[in-house]
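# Chains, contacts and geometry: an overview
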Amino acid sequence: DQQVKQNSPSLSVQEGRISILNCDYTNSMFDYFLWYKKYPAEGPTFLISISSIKDKNEDGRFTVFLNKSAKHLSLHIVPSQPGDSAVYFCAASEYSGNTPLVFGKGTRLSVIA
Amino acid sequence: DAEITQSPRHKITETGRQVTLACHQTWNHNNMFWYRQDLGHGLRLIHYSYGVQDTNKGEVSDGYSVSRSNTEDLPLTLESAASSQTSVYFCASSESGGTGELFFGEGSRLTVL
């Protein structure tokens, strides 16, 4: 049973517009959530995270929103740039990061110039 | 600069052969992990270690083993390679008691013929 779900395998957005990537989780014990970005032939790199005690975390063009009651989080990228084209993975863990990360299947974002 | 390196980056082997993928990190992290990435499955946890002599099974551990004799290295061994183990393998590390943020290597692409 998949504990972290990214239901959109791909997303295409115009340069300058907002990209919204969604993630749902089923394990109510998850209390720390992360987004990773992956370019082809490279390892994933950390992008942004959020603890369950918050509902929003912002870092430059990237904002993550957490809705605990809906077990849903989203990553907003504003404005989107061609360099943002990559696969984005949502990940979650229990006990404030002290269990291995569980990843979703990823969403491939294409930003069109 | 601290880093995490994987070798080989590409390997082709035959069914039934033993294969070892190396992972070496200079972050001095206690926690190390192996994930595999497959289309339609995202990143799945194979094995992980929270310190020297500690190893734990992940979601997809069958057919794989690891050993941790020092802080820097966590080699992944495929005892008898199968075609189903054709994949891209990522090693990662994280701090103990941290937020669980993983630092990934660049990956090892394994093809089993």
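The structure reproduced in this document is the subject of the present report. This one's a predicted model, so the numbers in the text were calculated from it and none came from an experiment.

## A short note on the sheet that holds strand β3 (residues 19-25) of chain B
All names here are of chain B. Read from one edge to the other, the open sheet built from four strands follows the order β1-β3-β8-β7, with strand pairing classed as antiparallel. With one partner strand each, in any of the chains shown, β1 (4-7) and β7 (64-66) form the two edges of the open sheet. The sheet shows a mean angle of 20° between the axes of neighbouring strands, direction not considered. Examined bridge by bridge, β3 and strand β8 (residues 76-78) share three bridges and lie antiparallel to one another.

## Things to note about the environment of D62 of chain B
Inspection of the secondary structure puts D62 of chain B in the loop between β6 (54-57) and β7. Considering only alpha carbons, one finds D62 of chain B and L21 of chain B, 41 residues apart in sequence, at a separation of 16 Å.

## A closer look at the state of the cysteines
Residue and element names in this part refer to chain B. Following the criterion strictly, the structure yields two disulfides over all chains and no others. Sulfur-sulfur distance for the disulfide between C23 and C91 comes to 1.9 Å. Residues C23 and C91 are joined by a disulfide whose S-S torsion is about -75°; by sign, that bridge is left-handed. With C23 in strand β3 and C91 in strand β9 (residues 87-94), the pair connects residues that are 68 residues apart, well separated along the chain. Each member of the pair C23 and C91 is classed as buried.

Definitions and limits used
- Residues numbered from 1 in each chain as written.
- Chains lettered and ligands numbered in written order.
- Predicted model: local features only at pLDDT ≥ 70, side-chain atom pairs only at ≥ 80, totals over all residues.
- Heavy atoms only, no water.
- Pairing = 2+ DSSP bridges.
- Helix = DSSP H or I, 4+ residues; strand = E, 2+ residues; numbered from the N terminus.
- Axes fitted to C-alpha atoms, helices over the stretch in contact; angles between N-to-C directions.
- Disulfide = S-S within 2.5 Å.
- Buried < 20%, exposed > 50% of the residue type's maximum accessible area, 1.4 Å probe, protein only.

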